[in-house]
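Notes for the structure review
Listed here are the chains, written in short residue letters.
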Amino acid sequence: GCDGSVLLDNVPATATTPAIGEKNAFGNINSLRGFEVIDTIKAAVEQACPGVVSCADILTLAARDGTFLLGGPTWTVPLGRRDSTTASMDLANRDLPPPFANLVTNPPDGSDLIARFQRKGLSATEMTVLSGAHTIGSAQCQNYRLRLYNENRIDFQFAQGLKANCPQNGPAGDTFLAPLDSTGSVFDNKYYADLTGLRGLLHSDQVLYPQNNQTQAKIVLKYKGDNAAFFADFAAAMIKMGNLSPLTGSAGQIRTNCRLVNP
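All of the points below concern the structure found in this document. Throughout this description, residue numbers start from 1 for each chain and increase along the sequence as written. For a predicted model such as this one, the threshold for reporting local features is a pLDDT of at least 70, and the threshold for listing and counting side-chain atom pairs is 80 or more; totals across whole chains, interfaces and linings nevertheless cover every residue. Hydrogen atoms and water are omitted, and side-chain values are computed over all heavy atoms in the structure.

Numbered from the N terminus, helices here are DSSP runs of H or I no shorter than four residues, and strands are runs of E no shorter than two. Regarding its fold elements, the protein chain presents 11 helices and 2 strands. For the protein chain, the α and β elements follow one another from N to C terminus as α-α-α-α-α-β-α-α-β-α-α-α-α. Atoms counted for the radius of gyration: C-alpha only. Globule rule: 2.2 Å times residue count to the power 0.38. Taken over C-alpha atoms, the radius of gyration comes to 19 Å for the protein chain, in line with the 18 Å a tight globule of 263 residues would show. By principal-axis analysis of the C-alpha atoms, the protein chain measures approximately 55 × 45 × 35 Å. Out of the 263 residues in the protein chain, the part that is buried amounts to 40%. Here the contacts in the protein chain between residues at least 6 apart in sequence split such that 67% fall between residues at least 24 apart. Surface summary for the protein chain: the accessible area is close to 13,400 Å², and the carbon and sulfur share equals 58%. For the purpose of counting charges, residues Lys and Arg are taken to be positive, whereas Asp and Glu are taken to be negative. His and the chain ends are not included. A charge is said to be at NZ when it belongs to Lys, at CZ for Arg, at CG for Asp and at CD for Glu. Within the protein chain, the 23 negative side-chain charges are centred at a point lying 3 Å from the centre of the 22 positive side-chain charges. For each residue, the accessible area found with a 1.4 Å probe, counting protein chains only, is set against the maximum for its type, and the residue is called buried under 20%, exposed over 50%, and partly exposed in between. Residues count as neighbours in contact if any of their non-hydrogen atoms are within 4.5 Å of one another. Accessible areas in this description were obtained via Shrake-Rupley with a 1.4 Å probe; residue shielding takes into account the shown protein chains only.

What follows is the structure, given as structure tokens:
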């Protein structure tokens, strides 16, 4: 997303060009939404100053402003990114953590949360604070069904309430949305309180508060007890994540339409 690649519409492969698109990657399809909001912003910006502001910068600013408008922190966004001309579903599938990811794997195979974030230069603490973005938004039943019916570290009443709309066997209920934390439209540290109460919606959320890793559990407890620390660390981690290999200078382009590569 640091080069706006996720905004490109999917384009099938041809005899001479590979398929592009990340919107249908496992972690994004029917989950990542709101592209039309970026389209509206881009149209207004292009009218005011055409060919100047990239879709990648708009996306990064929108993340900051959306966070702030929902009660979260604000931060200074470094600008000057340019837009990619390609997108890779394979890379998105490899890099984006799935909802069933574990904190660590034994033996290590690179699929766990800590390893995925470390490959991007992000620590376990930064991973945990960035996961706090799940204080807003929703997830589909198909992504938390196994947690409801197969896991023991889950609050009984929490699970029972969700099972009413998420039956054990799909496809019934597959797309039913549940909030990722108990204050799903407010940016706050309630996400961490939910984890300590075993009310994390996704498996990949709840594993951030393990029984057998006190170092990791202490990170969750810190943010549960200190909203100001969560806000400060979240802002810093967002800046760091937004600086992951952006295109600058003459690389890439300034897309006129965020969904399409310039002709």
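Criterion for a disulfide: a pair of cysteine sulfur atoms within 2.5 Å. The tally for this structure, following the rule as stated, stands at 2 disulfides. With a sulfur-sulfur separation of 2.1 Å, C55 is cross-linked through a disulfide to C258. Handedness of the C55-C258 disulfide follows from its S-S torsion of about -100°: it is left-handed. Placement of C55 in helix α2 (residues 55-69) and of C258 in the segment after α11 (227-242) is noted, with a sequence separation of 203 residues between them. Each of the two residues, C55 as well as C258, counts as buried. At a sulfur-sulfur separation of 1.9 Å, the disulfide partner of C141 is C166.

Following the sequence through the fold, D57 ends up in helix α2. Within the structure, the side chain of D57 is placed 2.8 Å from the backbone nitrogen of G80, a separation counted as a polar contact. Distance and chemistry together define a polar contact, namely a pair of N or O atoms within 3.5 Å, with one atom able to donate a hydrogen and the other to accept it when in protein, and with adjacent residues in sequence counting only for side-chain atoms on both sides.

With that out of the way, let us pick up helix α5 (residues 124-131). With 6 of 8 residues buried, α5 lies mostly within the body of the structure. Of the residues making up α5, those classed as buried are E126, M127, T128, V129, L130 and S131. The secondary structure elements touched by the buried residues of α5 are α4 (113-118), α8 (190-196), α10 (214-225) and α11.

Think of a salt bridge as a Lys or Arg side-chain nitrogen and an Asp or Glu carboxyl oxygen that are within 4 Å of each other. If you walk through the whole model with that rule in mind, you get 13 salt bridges. Between K23 and D9 there is a salt bridge, with the nearest N and O atoms lying 2.6 Å from each other. Taken together, the residues K23 in the segment before α1 (35-48) and D9 in the segment before α1 connect sequence positions 14 residues apart. On the accessibility criterion, K23 (10% relative accessible area) is buried. Taking relative accessible area as the criterion, D9 reaches 25% and is therefore assigned partly exposed. R64 is the salt-bridge partner of D65, the closest N and O atoms lying 2.4 Å from each other. Classification of D65 by relative accessible area gives partly exposed; the value is 34%. According to the relative accessible area criterion, R64 is buried, its value standing at 15%. When salt bridges with common partners are traced through the structure, they connect D9, K23, D39 and R259 into a single cluster.

Note on placement: G21 falls in the segment before α1. C-alpha of G21 to C-alpha of T86: the two residues are 65 residues apart in sequence and 7.6 Å apart in space. The residues contacting G21, other than those within four sequence positions of it, are L8, N10, A87, S88 and M89.

Following N106, the chain continues to P107 via a peptide bond in cis, the omega torsion being 5°. Along the chain, P107 turns up in the loop between α3 (89-95) and α4. The omega torsion across G170 and P171 is 5°, close enough to zero to call that bond cis. Tracing the sequence through the fold places P171 in the loop between α7 (156-163) and β2 (177-179).

Such coordinate-based values are descriptive only and should not be taken to indicate function.
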